[in-house]
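Reading the structure
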Amino acid sequence: MIKYLKILFLLACILCMNLLPAQEHHHQDHEDHKMHRHQPNEFGLAAFPVYFMNKKEVAFGLHFHYLRLVGDSPFGWGLGYERIFDEHGHNTFGIVGSYRPIKHLSFNLSPGITFEDEDASEIKFAFHIESMYDFEIGNVHIGPLIELAFDPEDTHISLGLHVGYGF
């Protein structure tokens, strides 16, 4: 299964590289890019299969976040929540740091806490790393997401779909 996830990850990377803007820019394209600004706030949702690397199990996951850009910079911060619908009921809350190096590509880092439904008092540290490439339709953007998450119990990887609303 890990072999297939690695192949899927490489294909996602190749797809994203092919979608990046070409190195040649016309003057008008450059001006349009400079004028493009992302909305300062975003609500996002992602749905994905989650593969637990140690347990070699797959479950369904949902991720919600709110992000706020820092001024006109490519950096943002916010809060996130992830729910994995497996036999344990994983819940993770985190602080999200976001970086958007180019128009459609973003990277998020999220340290946080995780706990299971069965024992909500047993809180553990968790860390998520994710990348998204989005296509904009007005204030809505949609695109592929890849996530790698660590906690003391297991490491999981996800490849799914992110939908966000900017305002």
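All of the points below concern the structure found in this document. (Residues numbered from 1 in each chain as written. Predicted model: local features only at pLDDT ≥ 70, side-chain atom pairs only at ≥ 80, totals over all residues. Heavy atoms only, no water.)

Quick look at the overall build of the chain
- A count of helices and strands for the chain gives two helices and nine strands.
- Reading the chain from its N terminus to its C terminus gives the helix and strand order α-α-β-β-β-β-β-β-β-β-β.
- When each of the 167 residues of the chain is scored for burial, the buried share is 39%.
- A sequence separation of at least 24 residues applies to 46% of the contacts in the chain between residues at least 6 apart.
- Counting every atom, the chain has about 10,000 Å² of accessible surface; 67% of that belongs to carbon and sulfur. (Helix = DSSP H or I, 4+ residues; strand = E, 2+ residues; numbered from the N terminus. Buried < 20%, exposed > 50% of the residue type's maximum accessible area, 1.4 Å probe, protein only. Contact = heavy atoms within 4.5 Å. Areas by Shrake-Rupley, 256 points an atom, 1.4 Å probe, with all protein chains shown as cover.)

So, a negative patch on the surface
- Together, Glu57, Glu87, Glu118 and Asp119 make up a negatively charged patch on the protein surface.
- If you trace the backbone, Glu87 turns up in the loop between β3 (75-85) and β4 (90-99). (Patch = residues over 30% accessible without salt bridge, like charges linked within 9 Å, V, L, I, M, F, W, Y side chains within 5 Å. Salt bridge = Lys/Arg side-chain N within 4 Å of Asp/Glu carboxyl O. Lys, Arg positive; Asp, Glu negative; His and termini not counted. Charge placed at Lys NZ, Arg CZ, Asp CG, Glu CD.)

Some details on the nonpolar core
- In this structure, Ala46, Phe48, Val50, Phe52, Ala59, Ile84, Met132 and Leu145 together form the largest nonpolar core, which totals eight residues.
- Among the elements that line this core, the one with the most residues is strand β1 (residues 41-52), at four residues.
- Ignoring any residue separated from it by four or fewer positions in sequence, one finds Phe52 in contact with Glu57, Ala59, Ile84, Asp86, His90, Asp154, Thr155 and His156. (Core = buried A, V, L, I, M, F, W, Y, C linked by side-chain atoms within 4.5 Å.)

Comments concerning the packing of aromatic side chains
- Scanning all chains against the criterion turns up eight aromatic pairs.
- In this structure an aromatic cluster arises from ring pairing among Phe43, Tyr66, Tyr165 and Phe167.
- The cationic tip of Lys55 hangs over the ring face of Phe52; the distance from NZ or CZ to the ring centre is 5.6 Å. (Phe/Tyr/Trp six-rings, centres within 6.5 Å; stacked < 30°, edge-to-face > 60°. Lys NZ or Arg CZ within 6 Å of the ring centre and 35° of its normal.)

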